[in-house]
Amino acid sequence: MLTELGLVNPGIEQLIEIYKGHPLALILASEPIKNIHNGQIYEFLEGTIYIPDVNMGLLDKLFFYLKNLEIQIMQKLAIATEPLLVSQISQFFPSTSLGEISQAIGHLWQLRLIEQADILAGDKILWVLNPLIKRYIKRRYN
């Protein structure tokens, strides 16, 4: 798909990783790569993650339907320097039951707003944010 969009330079793998293969995000990022950075993916990636207004609007609509706890969990993941366990996330919300936090995490995962980290902590799952979602949260909520 990216070669059809005219992107053949080194850096395609890193671009796909950053945008987690999201087709719309990759298509939208291809335009400034070609038109502003003369097709140089690495030059584009030296900046920050590009979130076009279209993506911002789509995410705004999605976030409108989220519960406050779900947004707060993503805010905590956005500032975390390492992936977090459910038990670690629950420490940020002492007045909220572990069941409510688990349910919120499950919903966020179903929506693919959070991801399971590539590593495990023993037999427990670590949670992280997609870089695109992380950037969105930092722009909208911090």
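Summary of the structure given here. Throughout this document, residue positions are counted from 1 along each chain, in the order its sequence is written. For this predicted model, a pLDDT threshold of at least 70 governs which residues receive local features, and a threshold of 80 or more governs which side-chain atom pairs are given and counted, while totals over whole chains, interfaces and linings are taken from all residues. Calculated side-chain values reflect all of the structure's heavy atoms, with hydrogen atoms and water omitted.

A separate point is the nonpolar core. Counting 25 residues, the largest nonpolar core has Phe-63, Ile-73, Met-74 and Ile-89 as the members making the most contacts within it. Numbering of helices and strands starts at the N terminus; helices are DSSP runs of H or I of at least 4 residues and strands are runs of E of at least 2. Of all elements in the fold, only helix 4 (53–64), helix 5 (68–79), helix 7 (98–110), strand 2 (124–129) and helix 8 (131–141) reach the threshold of two or more residues within this core. It is helix 5 that provides the largest number of residues to this core, a total of 6 residues. When checking whether two residues touch, look at their non-hydrogen atoms; a contact exists if any pair is within 4.5 Å. The residues touching Ile-73, leaving out its near neighbours within four places in the chain, are Ile-89, Phe-93, Ile-101, Ala-104, Ile-105 and Leu-108. To define a nonpolar core, start from buried Ala, Val, Leu, Ile, Met, Phe, Trp, Tyr and Cys residues and group those joined through side-chain atoms within 4.5 Å. Whether a residue is buried, partly exposed or exposed follows from its accessible area with a 1.4 Å probe, protein chains only, as a fraction of its type maximum: under 20%, in between, or over 50%, in that order. Of all hydrophobic cores here, the second largest spans 13 residues; its members include Ile-18, Tyr-19, Phe-44 and Leu-45.

Packing of helix 5 against helix 7 leaves a shortest axis separation of 9 Å and a crossing angle of 80°. Relative to helix 7, the element helix 5 lies roughly perpendicular. Residues Leu-69, Glu-70, Ile-73 and Met-74 of helix 5 form the contact with helix 7, whose participating residues are Glu-100, Ile-101, Ala-104, Ile-105, His-107 and Leu-108. Its residues placed into classes, the contact of helix 5 with helix 7 shows 7 nonpolar, 1 polar and 2 charged. Here the axes come from fitting lines to C-alpha atoms, over the contacting stretch only for helices, and the angles between their N-to-C directions go from 0 to 180 degrees. In these notes the angle categories are as follows: under 35 degrees is roughly parallel, over 145 is roughly antiparallel, 65 to 115 is roughly perpendicular, and the rest is oblique. Amino acids outside the nonpolar list (Ala, Val, Leu, Ile, Met, Phe, Trp, Tyr, Cys, Pro) and the charged list (Asp, Glu, Lys, Arg) are all regarded as polar, and Gly is one of them.

For the rest of this paragraph, the subject is the packing of helix 5 against helix 8. At a minimum axis separation of 9 Å, helix 5 and helix 8 run at an interaxial angle of 110°. Classed by the angle they form, the pair helix 5 and helix 8 counts as roughly perpendicular. Side by side, helix 5 and helix 8 meet where Ile-71, Met-74, Gln-75, Leu-77 and Ala-78 of the first sit next to Ile-133, Lys-134, Ile-137, Lys-138 and Tyr-141 of the second. The residue inventory of the contact of helix 5 with helix 8, partitioned by class, reads 7 nonpolar, 1 polar and 2 charged.

The next subject is the packing of aromatic side chains. Only the six-membered ring of Trp is used, alongside the rings of Phe and Tyr, when aromatic pairs are assigned; centres must lie within 6.5 Å, and planes under 30 degrees apart are stacked while those over 60 apart are edge-to-face, with the rest tilted. Under the criterion given, the structure shown has 6 aromatic pairs. A centroid spacing of 6.5 Å and a plane angle of 70° characterise the contact between Phe-92 and Phe-93, whose relative ring orientation is edge-to-face. Classification of Phe-92 as partly exposed rests on a relative accessible area of 40%. Look at Phe-93 and you get buried, because its relative accessible area is 8%. An aromatic cluster is defined as three or more aromatic residues linked by ring pairs; in this entry it consists of Phe-63, Tyr-136 and Tyr-141. Each ring is checked for a lysine NZ or an arginine CZ that lies within 6 Å of its centre and within 35 degrees of its normal; such an atom marks a charge sitting over the ring. Against the face of Trp-109 rests Arg-112, its NZ or CZ located 4.6 Å from the ring centre.

The subject of this paragraph is unusual backbone geometry. You will see that Arg-112, though not glycine, has its phi angle at about 65°, which is positive. Mapping Arg-112 onto the fold places it in the loop between helix 7 and strand 1 (114–121). Among the residues examined, Arg-112 registers a relative accessible area of 52% and is labelled exposed.

In short, the description is geometric, and any link to function would need to be established separately.
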